[in-house]
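Descriptive analysis of the structure
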Amino acid sequence: MAELKACIFDMDGVIVNSADFHFHAWKKLADELRIDIDDDFEIHLKGISRVDSLEKILAKGNLVLDNDTKLSLMRNKNEEYLESITGLKQEDLLPGALDFLKECKANGVKIALGSSSKNADIILEKTDIAGYFDEVIDGNKVKFSKPDPEVFLKGAAGMNIAPNEIVVFEDALSGVQAAKSGGFFCVALGNPEELKQADYVIDGLHQINLDKLKSIFNH
Ligand code: B16
Ligand code: MG
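All figures in this text were calculated on a predicted structure; none of them were measured in a lab. (Residues numbered from 1 in each chain as written. Chains lettered and ligands numbered in written order. Predicted model: local features only at pLDDT ≥ 70, side-chain atom pairs only at ≥ 80, totals over all residues. Heavy atoms only, no water.)

A word on the packing of aromatic side chains. Taken as a whole, this structure holds 5 aromatic pairs when the rule is applied. Ring geometry for Phe9 against Phe169: centres 5.1 Å apart, planes inclined by 10 degrees, an arrangement best described as stacked. Taken together, the residues Phe9 in strand S1 (residues 6–9) and Phe169 in strand S4 (residues 166–170) connect sequence positions 160 residues apart. Each member of the pair, Phe9 as well as Phe169, is classed as buried. Note on Phe152 and Phe184: the rings are 6.1 Å apart at their centroids and 70 degrees apart in plane angle, and the pair reads as edge-to-face. (Phe/Tyr/Trp six-rings, centres within 6.5 Å; stacked < 30°, edge-to-face > 60°. Helix = DSSP H or I, 4+ residues; strand = E, 2+ residues; numbered from the N terminus. Buried < 20%, exposed > 50% of the residue type's maximum accessible area, 1.4 Å probe, protein only.)

Taken together, the side chains of Asp36, Asp38, Asp39, Asp40 and Glu194 define an acidic patch exposed on the protein surface. The topology assignment puts Asp39 in the loop between helix H1 (19–32) and helix H2 (42–45). For Asp39, a relative accessible area of 60% puts it in the exposed group. (Patch = residues over 30% accessible without salt bridge, like charges linked within 9 Å, V, L, I, M, F, W, Y side chains within 5 Å. Areas by Shrake-Rupley, 256 points an atom, 1.4 Å probe, with all protein chains shown as cover. Salt bridge = Lys/Arg side-chain N within 4 Å of Asp/Glu carboxyl O. Lys, Arg positive; Asp, Glu negative; His and termini not counted. Charge placed at Lys NZ, Arg CZ, Asp CG, Glu CD.)

With that out of the way, let us pick up the packing of H1 against helix H4 (residues 67–84). Taken N-terminus to C-terminus, the directions of H1 and H4 make an angle of 140 degrees; their axes are 9 Å apart at the nearest point. In terms of orientation, H1 and H4 fall into the oblique class. Note on packing geometry: the crossing formed by H1 with H4 is right-handed. The segment H1 lies against H4, with Phe21, His22, Ala25, Trp26, Lys28 and Leu29 engaging Leu73, Lys77, Glu80, Tyr81 and Ser84. In terms of residue class, the contact of H1 with H4 is built from 6 nonpolar, 2 polar and 3 charged. (Axes fitted to C-alpha atoms, helices over the stretch in contact; angles between N-to-C directions. Parallel < 35°, antiparallel > 145°, perpendicular 65-115°, else oblique. Left-handed = near helix turned anticlockwise from the far one by under 90°. Contact = heavy atoms within 4.5 Å. Nonpolar A, V, L, I, M, F, W, Y, C, P; charged D, E, K, R; others polar.)

What follows covers the side chain of Glu170. Along the chain, Glu170 falls in strand S4. Engagement of the side chain of Glu170 in a polar contact is seen with the side chain of Lys146, the distance being 2.7 Å. Not counting residues within four places of it along the chain, the set of residues in contact with Glu170 comprises Asp10, Val14, Lys146, Phe152, Gly175, Val176, Cys186, Val187, Ala188 and Leu189. (Polar contact = N/O pair within 3.5 Å; in protein donor to acceptor, adjacent residues only side chain to side chain.)

The subject of this paragraph is the pattern of salt bridges. Under the counting rule described, the total for this entry stands at 13 salt bridges. A salt bridge links Lys146 to Glu170; its shortest N-O distance comes to 2.7 Å. With Lys146 in the loop between strand S3 (135–137) and helix H7 (150–159) and Glu170 in strand S4, the pair connects residues that are 24 residues apart, well separated along the chain. Across the pair, exposure class does not vary: Lys146 and Glu170 are buried alike. The partner of Glu193 in a salt bridge is Lys196, and the shortest N-O contact between them spans 3.3 Å. Take Glu193 and Lys196: they sit in the same class, and that class is exposed. Beyond isolated ion pairs, a larger network of salt bridges with shared partners links Asp10, Lys146 and Glu170.

By the assigned domains, the chain splits into domain 1 (6–17 + 90–217) and domain 2 (19–84). Measuring from the centre of the C-alpha atoms in domain 1 to the corresponding centre in domain 2 gives 24 Å. Between domain 1 and domain 2, the residue contacts involve 13 residues of the former and 13 residues of the latter. A combined buried area of about 1100 Å² lies between domain 1 and domain 2, and 50% of that area is made up of carbon and sulfur atoms. Considering only the side of domain 1, the residues that lose the most area to domain 2 are Asn17, Asn119 and Ser145, jointly responsible for 37% of the buried surface there. The interface formed by domain 1 and domain 2 contains 1 salt bridge. Notably, a salt bridge pairs Asp171 with Lys46, separated by 3.9 Å at the nearest N-O pair. (Domains from an automatic or database assignment. Buried area = accessible area lost by both parts, 1.4 Å probe.)

Structure (structure tokens):
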């Protein structure tokens, strides 16, 4: 039986409540392009990279655009997103996130970030939690977007810990698939029906502590 040595946290939707800001900015862009995306579309965008998100929206509207236009649209979306998180601070971390990071740190469980976002450094800085992470892998450091496991495998390699000794926390289906295909134990946050490929599903980090995690992990 493997020993739990590290946790890798997805960022948006696991540590920080930024998923709504991302979707709001994408919705504004889609509206401007006259592409109809409703709230149910959000699940298709969660966890995947900026460029893959744009491609999904364009495909929904059967819209083909040149590269320069796409780059400019992504720049606009990111400016809108960054504007909406200007006031982000530690109090905006999701319930239980800070306590659980502290508990891992105090008990020698290593901590990595495994996020598709290219804005991870900004968010870790704003919420003042960068110091908790032994390794930060974000959208600037990977070639392949989730569901490819690259982001988590790089986190594991950076900590020098095997995937089967690590728990990945994820809120997106693409991220759960990435964790499972990389050989990690995966705890998902959200709807158990949507995220049933995970090993265990909780509402949020407020529902977990190390004792509970170890018992789920060794079950
Ligand atoms: P950015 P995560 C992901 O972060 C978000 O879930 C996803 O909605 C977003 O499109 C992606 O990051 C890229 O973010 O535009 O900031 O580079 O959940 O993997 O932490
Ligand atoms: Mg996420």
